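# Tertiary structure, described
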Amino acid sequence: MEKKKYSSYAEIDRDLEILKLNKDINYQKLVLSFQKTKESITPQNIVNGFVSSYTDYFSNSYSKIIESILPYVIGWFINKKRGS
């Protein structure tokens, strides 16, 4: 990073003011982000997010689940009929 050369105190004050405003803006963004996160972390939102993620997964993969479980279910019924 190259050092900036100033020719007057007014330039220094202007850059310091810009840096201060950037710092204030970033702080306010952080505060807003924290408030949004705090509002979104409620038991209802957590449960809804958990349920919706699993419903999306299972609704799109019913055939895959059935294909993977069906052989075990058939095997269990066959072994139950034999008395094993």
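Residues numbered from 1 in each chain as written. Predicted model: local features only at pLDDT ≥ 70, side-chain atom pairs only at ≥ 80, totals over all residues. Heavy atoms only, no water.

### Some thoughts on the overall build of the chain
Which entries qualify depends on this criterion: Secondary structure follows DSSP: runs of H or I at least 4 residues long count as helices, runs of E at least 2 residues long count as strands, and numbering of each begins at the N terminus. To sort residues, take the accessible area from a 1.4 Å probe on protein chains only and compare it with the maximum for the residue type: under 20% means buried, over 50% means exposed, and anything in between is partly exposed. Calculation of accessible area relied on Shrake-Rupley with a 1.4 Å probe; when residues are assessed, cover is drawn exclusively from the protein chains displayed.
Helices and strands together make up the secondary structure of the chain, namely three helices and zero strands. Helices and strands in the chain line up, N terminus first, as α-α-α. Buried positions account for 2% of the 84 residues belonging to the chain. Split by element, the accessible area of the chain, about 8,300 Å² in all, is 63% carbon and sulfur.

### Considering the pattern of salt bridges
Condition: Counted as salt bridges are all cases of a side-chain nitrogen of Lys or Arg within 4 Å of a carboxyl oxygen of Asp or Glu.
Per the stated rule, a full pass over the model turns up three salt bridges. Its salt-bridge partner being Lys4, residue Asp15 comes within 3.0 Å of it at the nearest N-O pair. Separated by eleven residues along the polypeptide, Asp15 in helix 1 (residues 9-40) and Lys4 in the segment before helix 1 bring together distant segments of the chain. Judged by its relative accessible area of 13%, Asp15 falls in the buried class. Across the salt bridge formed by Arg14 and Asp15, the nearest N and O atoms sit 3.9 Å from each other. Owing to a relative accessible area of 45%, Arg14 belongs among the partly exposed residues under this scheme. Through salt bridges with shared partners, one network takes in Lys4, Arg14 and Asp15.

### So, the confidence of the model for the chain
Convention followed: In predicted models, pLDDT denotes the confidence assigned by the predictor to each residue on a 0 to 100 scale.
Taken residue by residue, the chain gives an average pLDDT of 83. The fraction at 70 or more is 85%. Helix 1 holds the highest mean pLDDT among the elements of the chain, 95, whereas helix 2 (residues 43-60) holds the lowest, 73.

### Side note on a nonpolar patch on the surface
To be explicit about the condition: Patches were defined on residues exceeding 30% relative accessible area and lacking a salt bridge, with like-charge contacts within 9 Å and nonpolar side-chain contacts (Val, Leu, Ile, Met, Phe, Trp, Tyr) within 5 Å.
Taken together, the side chains of Ile66, Ile69, Leu70, Val73, Ile74, Trp76, Phe77 and Ile78 make up a nonpolar region of the molecular surface, amounting to roughly 740 Å² of accessible area. Among the secondary structure elements, Leu70 is positioned in helix 3 (residues 62-82). Given the relative accessible area of 44%, Leu70 is considered partly exposed.

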